[in-house]
Amino acid sequence: QTQLLGVFIAAASNFLISVSLNIQKCAHLRLVCQGEQKPYYMSKLWWCGITLLGLGEVGNFTAYGFAPITLVAPLGCVSVVGSAFISVFFLKKTMRTADILGGTLTITGIYLLVTFTPSGPQELTARQVQIYLVSWPFLVYSTLQIIIFCILLYFYKRKAVKHIVVLLMMVALLASLTVIAVKAVSSMIALSVRGKMQLTYSVFYIMSVLMATSCAFQIKFLNQATHLYEATAVVPINFVFFTTSAIISGVIFYQEFQNAALLSVFMFLFGCLLSFLGVFIIARNKKEEHLQIPFIDCGHIPGQKLTGKIQPDSQSSCYGTLNKEDDSVKRQS
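A few points on the structure. (Residues numbered from 1 in each chain as written. Predicted model: local features only at pLDDT ≥ 70, side-chain atom pairs only at ≥ 80, totals over all residues. Heavy atoms only, no water.)

All right, on to the overall build of the chain then. Secondary structure summary: the chain contains 12 helices and 2 strands in total. Traced from its N-terminal end to its C-terminal end, the chain shows the element sequence α-α-α-α-α-α-α-α-α-α-α-β-β-α. When the 333 residues of the chain are sorted by exposure, 41% land in the buried category. For the chain, the proportion of contacts with a sequence separation of at least 24, taken over those separated by at least 6, is 76%. Here the chain has roughly 18600 Å² of accessible surface; of this, 66% comes from carbon and sulfur atoms. (Helix = DSSP H or I, 4+ residues; strand = E, 2+ residues; numbered from the N terminus. Buried < 20%, exposed > 50% of the residue type's maximum accessible area, 1.4 Å probe, protein only. Contact = heavy atoms within 4.5 Å. Areas by Shrake-Rupley, 256 points an atom, 1.4 Å probe, with all protein chains shown as cover.)

Written as structure tokens, this is what we have:
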């Protein structure tokens, strides 16, 4: 029951995140059409989106205290699927066949993940976290992570290699530390709320610092990737790298697949594969929006030889009228 609660919280939180992103996008588009441009943070609609985003992130943090990392991390695909469907209502986008197919595959993958994820320990105490921190599998894993990260950082800094794989690989390596720390902190807070005080242990504050630090650098490299590459490439690759890194961290640090049946492991990995494939299908061929001023496609208009478009005046909140044919040809050329 505790694990199912974590699943519900994670799924609901990621759905809230997808709603919040579409609300923020809608707020930006509304501001573009206004005559007097005002900062986006003056928009009530934008603040509504930010509030939902904050609630979603808090919910994700809470979910790690009730469910294994190997289950919570892959549920991030809910935000990708939710965003694809919610944008039809908020942003008036067209529902594509790829969205339906990708959503079906992702939902099937989620079902397999929830069904075949092995149950982890019901309570994660501060003493258990301390034991996990000095276990030899984690020490070997963390050493390899540091070596790989340093190599990638060398190419990033010294050789100016800013390939999307390099950037998102560094994000994933940092994310593995983030999810380990988040689960530890969230679990210790949850136990403390129930009456089993864990906040007096120094490991709680060590993990809190690790969580904040790794998250900050993770955002730095992720922002660099989104600045250099389109979101249609960043979102699926980052999801695959992050989820894979988080699962490996959960398996090694928290030993979440210890004594798991071979069938459960296979079906869990198959569910991950379906989720990855669904996210890639949804993001595939999705065009980026580069226009700063939206337009209305008028289609065929009697008396016009061209397919005209009504374009709003950048200095006015009203839509203009069609120009004459000569002017329209000049503007389009």
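This brings us to the environment of Pro 137. For Pro 137, the location among the structural elements is in helix α7 (residues 136–157). Residue class for Pro 137 comes out partly exposed when judged on its relative accessible area of 27%.

Another point: the nonpolar core. Membership of the largest hydrophobic core comes to 46 residues, with the highest contact counts inside it found for Tyr 64, Met 207 and Tyr 254. Ranked by the residues each element gives to this core, the list is headed by helix α8 (residues 164–193), at 7 residues. For this core, the two domains that each supply at least three residues are domain 1 (1–120 + 262–292) and domain 2 (123–255). One finds Leu 152, Tyr 156, Val 171 and Leu 173 within the second-largest nonpolar core, a separate group that totals 15 residues. (Core = buried A, V, L, I, M, F, W, Y, C linked by side-chain atoms within 4.5 Å. Domains from an automatic or database assignment.)

Before going further, it helps to examine the packing of helix α1 (residues 2–32) against helix α4 (residues 77–90). Angle between the axes and distance between the axes are the two parameters that describe a pair of packed helices. One can describe the packing of α1 onto α4 by two numbers: an axis separation of 8 Å at closest approach and a directional angle of 40 degrees. Judged by the inter-axis angle, α1 sits oblique to α4. Relative to α4, the crossing made by α1 is right-handed. For the pair α1 and α4, contact is made by Ala 11, Asn 14, Phe 15, Ile 17, Ser 18, Val 19, Asn 22, Ile 23 and Cys 26 and by Val 78, Ser 79, Gly 82, Ser 83, Ile 86, Ser 87 and Phe 90, respectively. Of the residues assigned to the contact of α1 with α4, the class counts are 9 nonpolar, 7 polar and no charged. (Axes fitted to C-alpha atoms, helices over the stretch in contact; angles between N-to-C directions. Parallel < 35°, antiparallel > 145°, perpendicular 65-115°, else oblique. Left-handed = near helix turned anticlockwise from the far one by under 90°. Nonpolar A, V, L, I, M, F, W, Y, C, P; charged D, E, K, R; others polar.)

Time to look at the packing of α8 against helix α10 (residues 231–253). In contact at an axis separation of 8 Å, α8 and α10 are set at 40 degrees when each is read in the N-to-C sense. Pair α8 / α10 crosses with right-handed handedness. Residue-level contacts link Ile 164, Val 165, Leu 168, Met 169, Val 171, Ala 172, Leu 173, Ala 175, Ser 176, Val 179 and Ile 180 of α8 to Ala 233, Val 234, Ile 237, Asn 238, Phe 241, Phe 242, Ser 245, Ala 246, Ser 249 and Phe 253 of α10. Looking at the contact of α8 with α10 residue by residue, the class counts come to 17 nonpolar, 4 polar and no charged.

Counting across every chain of the model gives 0 disulfides. Looking at Cys 272, it has no disulfide partner, and the nearest cysteine sulfur is the one in Cys 77, 9.1 Å off. Given a relative accessible area of 4%, Cys 272 falls into the buried group. (Disulfide = S-S within 2.5 Å.)

On to the environment of Lys 196, then. Tracing the backbone shows Lys 196 in the loop between α8 and α9 (202–228). Residues Lys 196 and Thr 125, spaced 71 residues apart in sequence, show a C-alpha to C-alpha distance of 8.9 Å.

As for its placement among the helices and strands, Met 188 is situated in helix α8. Judged by its relative accessible area of 0%, Met 188 falls in the buried class. Considered as a pair, Met 188 and Gly 65 are 123 residues apart in the sequence and their alpha carbons are 7.8 Å apart. Sequence-distant contacts of Met 188, that is, excluding residues within four places in its chain, are made with Leu 124, Ala 126, Gln 198, Leu 199, Val 203 and Phe 204.

Overall, the coordinates contain 10 aromatic pairs when judged by the stated rule. Between Tyr 154 and Phe 155, the aromatic rings sit 5.6 Å apart at their centres with planes inclined by 75 degrees, giving edge-to-face as the arrangement. Looking at Phe 155, the relative accessible area reads 39%, which means it is partly exposed. Following the ring pairs from residue to residue traces out a cluster consisting of Tyr 132, Phe 138, Phe 253 and Tyr 254. Lys 162 extends its terminal NZ or CZ atom over the ring of Tyr 156, reaching a point 4.9 Å from the ring centre. Over the ring of Tyr 254 we find Lys 183, and its NZ or CZ is 6.0 Å from the ring centre. (Phe/Tyr/Trp six-rings, centres within 6.5 Å; stacked < 30°, edge-to-face > 60°. Lys NZ or Arg CZ within 6 Å of the ring centre and 35° of its normal.)

Attention now moves to helix α5 (residues 97–116). With 20 residues, α5 extends 29 Å from end C-alpha to end C-alpha; this agrees with the ideal 28 Å at 1.5 Å per step. Along α5, the residues classified as buried are Ala 98, Asp 99, Gly 102, Gly 103, Leu 105, Thr 106, Gly 109, Ile 110, Leu 112 and Leu 113. The inward-facing, buried residues of α5 contact α3 (69–72), α4 and α11 (262–283). (Expected span 1.5 Å × (residues − 1).)

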